[in-house]
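Letter by letter, the chains look like this.
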Amino acid sequence: MSHETSGSLEKDGHRVVLRRTDDTVILDARSGRVVTPYWLDLALAGMALRPGTVLDGEAVIWRGGRLGFGAAHSRAASSVTQARALAARHPASCACWDLVQHPDPAISDTRTLPYIERRALLLELLAEVVPPIQPVPATDDRDVAEHWYEALQEQGLEGVVAKRGAAAYPSGRRGWVKVRNRMNCIGCNSS
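Residue numbers here run from 1 along each chain, matching the order of that chain's written sequence. Only residues with pLDDT of 70 or above have their local features reported here, since the model is predicted, and side-chain atom pairs are shown and tallied only from 80 upward, although totals for entire chains, interfaces and linings are computed over all residues. Side-chain descriptors were evaluated using all non-hydrogen atoms of the structure, hydrogens and water having been removed beforehand.

### Here's the deal with the pairing of strand β4 (residues 54-63)
In step 1: By the criterion of burial, β4 is predominantly enclosed, with eight of the 10 residues buried.
In step 2: Should DSSP find at least two bridges between two strands, the strands are regarded as paired. For the purposes of this entry, the term helix denotes a DSSP run of H or I that reaches at least four residues, the term strand denotes a run of E that reaches at least two, and both are numbered from the N terminus. The pairing of strand β2 (residues 14-20) with β4 spans six bridges and is classified as antiparallel. Looking across to β4, one finds that Val 17 is bridged to Asp 56.
In step 3: Where β4 lies against strand β5 (residues 66-67), two bridges are found, and the strand directions are antiparallel. Counterpart to Trp 62 in the pairing with β5 is Leu 67.
In step 4: Counted along the chain from β4 to the antiparallel partner β5, the turn is two residues long, and its residue Gly 64 has a positive phi close to 60 degrees. Per-residue accessibility, obtained with a 1.4 Å probe over protein chains only, is compared with the maximum for each type, and a residue is labelled buried under 20%, exposed over 50%, and partly exposed between these values.

Structure below.
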């Protein structure tokens, strides 16, 4: 990868946009459906964020040192009562890969900023926030990204995502490429 492209680890979970409002945290699925009741542990953790923050990421669940694809999707498809019981047994993490809105009104909507600038703002914003909300690792070094792709397959990582460093926030799936690890890609489609 060149300095124009950045690769980050692709987790295998449930895509979410986390919005910290003045009063609460709302999590939306890629479809736009509100999924907060299924990820209440992440909503509670999100209260540590400054109001006005909007993060793009993935709700993931670690089980036995591996990402639990089935556990994340089971929780997302369960009843609210079941989701709470599942959260007690297997808490979720929110792996954040992009910043959609910054809480500082002077910055606010970051979607037109280059990815490199959004990434720096994301890291700054999450520097004092403790897990389970955390940024995904990212690099502009192709060798590092290839090492991740090969070495981290054992942890159930789905693959590596490449984004252009100068690119604005993409709508849909334009603007980034996912390199999937087929061995760990249970239930993946061809995108």
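### Regarding the pairing of strand β3 (residues 25-29)
In step 1: Where burial is concerned, most of β3 is hidden: four out of the five residues are buried.
In step 2: Pairing analysis gives five bridges linking β2 to β3, with the strands arranged antiparallel. The residue of β3 that forms the bridge with Arg 20 is Val 25.
In step 3: Linking two consecutive strands that pair antiparallel, namely β2 and β3, is a turn of four residues.

### Regarding the nonpolar core
Most often, soluble globular proteins have nonpolar side chains that are buried together.
In step 1: The biggest cluster of nonpolar side chains holds 29 residues, and the ones touching the most others in it are Leu 18, Leu 27, Trp 39, Leu 55, Leu 126 and Ile 133.
In step 2: When contributions to this core are tallied by element, the ones reaching two or more residues are β2, β3, α1 (40-46), β4, α2 (69-77), β6 (92-101) and α4 (115-126).
In step 3: Note on contacts: a residue pair qualifies if any of its non-hydrogen atoms lie within 4.5 Å across the two residues. Those residues in contact with Leu 18 that lie beyond four places of it in its chain are Val 25, Ile 26, Leu 27, Leu 42, Leu 49, Thr 53, Val 54, Leu 55, Cys 94 and Ile 133. We define the nonpolar core as a collection of buried residues of types Ala, Val, Leu, Ile, Met, Phe, Trp, Tyr and Cys that are connected through side-chain atoms lying within 4.5 Å of one another.

As far as function goes, none of this settles anything; it's purely spatial.
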